[in-house]
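Observations on the model geometry
Chain residues, written in single-letter form:
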Amino acid sequence: MGPGDSLDLFLPEMGDLLILGVTGGIASGKTTVAHMLAELGARIIDFDLLARDVVRPGEPAFGEIVGRFGDQVVAEDGALDRKRLSGLVFCDPQKRKMLEEITHPRIVAAFVRQVREMAGKNPRGILLAVIPLLFEAGLRHLVHKTLVVYVPPGEQVERLMRRDRITRKEAGRILRAQMPIQEKVGMADFVIQNQGEISETRREVEALWRRLEEARKRTPGAV
Ligand code: ATP
């Protein structure tokens, strides 16, 4: 990452943009909650999409990854076989680090570009950065405040099994590879409980939105 790519949260060109990092465990409801906040007026930057964009064929990261991991990570259509790549790094911390060193700086640079663009259009806006690995990947500095979407691990397993049609064993294995959601709750500025009905989650999200907006009215720039 070049010196100009780091995100200075107090750049004058950012106006009073508030960046809220949304995270949680796999299938805990980050996307669901982000959509609710978007309906209320927030803008969204999804790190999963950025992560996909930076490894498209023709992007520098694509060539670097193929150079390190070989043609086995290229799918028949010429794009990166992300599933294969995930499989290769899942149990190998060194390979995972190698991959992250290629992708993370590009993802952060793309994020910074989008933040600047949004700040130009709506300097008083609330921007959601949906970052599944916000804490694990050390990305806390990219956002002003953090929101964890919580469901108890048992419910997380159920939802993951249902949505991705996988076995309990597979779901458990995925969960065990992640930072426990309880630990993330301990680090969060805000928590939305998403174990109940969607309507209850919506009520919590609306209350959070009001709180964010009111605090910003009282003290511009503050949450
Ligand atoms: P991922 O980590 O895979 O990106 P996510 O955290 O974005 O997932 P969602 O995709 O929002 O999670 O939700 C996971 C699944 O749980 C989806 O199938 C969604 O429809 C369902 N879901 C979300 N919230 C609730 C809820 N309150 N009650 C029942 N099902 C829910």
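Residues numbered from 1 in each chain as written. Predicted model: local features only at pLDDT ≥ 70, side-chain atom pairs only at ≥ 80, totals over all residues. Heavy atoms only, no water.

1. Focus: the sheet that holds strand β5 (residues 190-193)
- Spatially, β2-β3-β1-β4-β5 is the arrangement adopted by the five strands of the open sheet, whose pairing is parallel. Unpaired on one side and paired on the other, β2 (43-46) and β5 mark the two borders of the sheet. Ignoring which end each strand starts from, the neighbouring axes of this sheet average 25° apart.
- Both β2 and strand β3 (residues 126-130) contribute to a ladder of four bridges, which runs parallel. (Pairing = 2+ DSSP bridges. Helix = DSSP H or I, 4+ residues; strand = E, 2+ residues; numbered from the N terminus. Axes fitted to C-alpha atoms, helices over the stretch in contact; angles between N-to-C directions.)

2. Here's the deal with the environment of F135
- Assignment of secondary structure puts F135 in the loop between β3 and β4 (145-150).
- Overall, the relative accessible area of 12% leaves F135 in the buried class.
- Between the C-alpha atom of F135 and that of M118, which follows or precedes it by 17 residues, the distance is 24 Å. (Buried < 20%, exposed > 50% of the residue type's maximum accessible area, 1.4 Å probe, protein only.)

3. Regarding the pairing of β4
- In terms of burial, β4 is largely enclosed, as five of its six residues are buried.
- Bridge count for strand β1 (residues 18-24) against β4 is five bridges, and the pairing is parallel. Following the sheet pairing, L20 is matched in β4 by K145.
- Where β4 meets β5, four bridges bridge the pair, whose relative direction is parallel. Bridging across to β5, Y150 finds its partner in Q193.

4. Observations regarding the domain arrangement of the protein
- Entries for the protein in the domain assignment read domain 1 (17-42 + 125-216) and domain 2 (52-124).
- Just the C-alpha atoms count here: the centres of domain 1 and domain 2 sit 23 Å apart.
- Contact residues are listed per partner, giving 12 residues for domain 1 and 10 residues for domain 2.
- The contact between domain 1 and domain 2 buries some 1000 Å² in all, and 70% of this surface belongs to carbon and sulfur atoms.
- For domain 1, the biggest contributors to the area lost against domain 2 are L17, G125 and L142; these three give 41% of the whole.
- At the junction of domain 1 and domain 2, the tally comes to zero salt bridges.
- For the pair domain 1 and domain 2, the number of links is two residue pairs in polar contact (both at pLDDT 80 or more).
- For the side of domain 1 that touches domain 2, the leading source of residues is β3, giving three residues.
- Among the residues making up the side of domain 1 that touches domain 2, the classes are represented as nine nonpolar, one polar and two charged. (Domains from an automatic or database assignment. Contact = heavy atoms within 4.5 Å. Buried area = accessible area lost by both parts, 1.4 Å probe. Salt bridge = Lys/Arg side-chain N within 4 Å of Asp/Glu carboxyl O. Polar contact = N/O pair within 3.5 Å; in protein donor to acceptor, adjacent residues only side chain to side chain. Nonpolar A, V, L, I, M, F, W, Y, C, P; charged D, E, K, R; others polar.)

5. Notes on the environment of G196
- One can find G196 in the loop between β5 and α9 (198-218).
- In sequence terms G196 and R116 are 80 residues apart; their C-alpha atoms lie 36 Å from each other.

6. Here's the deal with the site of the ligand
- Taken together, 14 residues are adjacent to the ligand, and K30, T31, T32, R163 and N194 come closest.
- A distance of 2.9 Å separates a nitrogen atom of the ligand from a polar atom in the side chain of N194.
- In the model, a nitrogen atom of the ligand is placed 3.0 Å from a nitrogen or oxygen of the G196 main chain.
- Protein coverage of the free-state accessible area of the ligand, which is 630 Å², stands at 74%.
- Counting residues per element, the ones that place at least two in the shell around the ligand are α1 (30-40), α6 (153-164) and α9.
- For the shell around the ligand, the element with the highest residue contribution is α1, accounting for three residues. (Near = heavy atom within 4 Å. Areas by Shrake-Rupley, 256 points an atom, 1.4 Å probe, with all protein chains shown as cover.)

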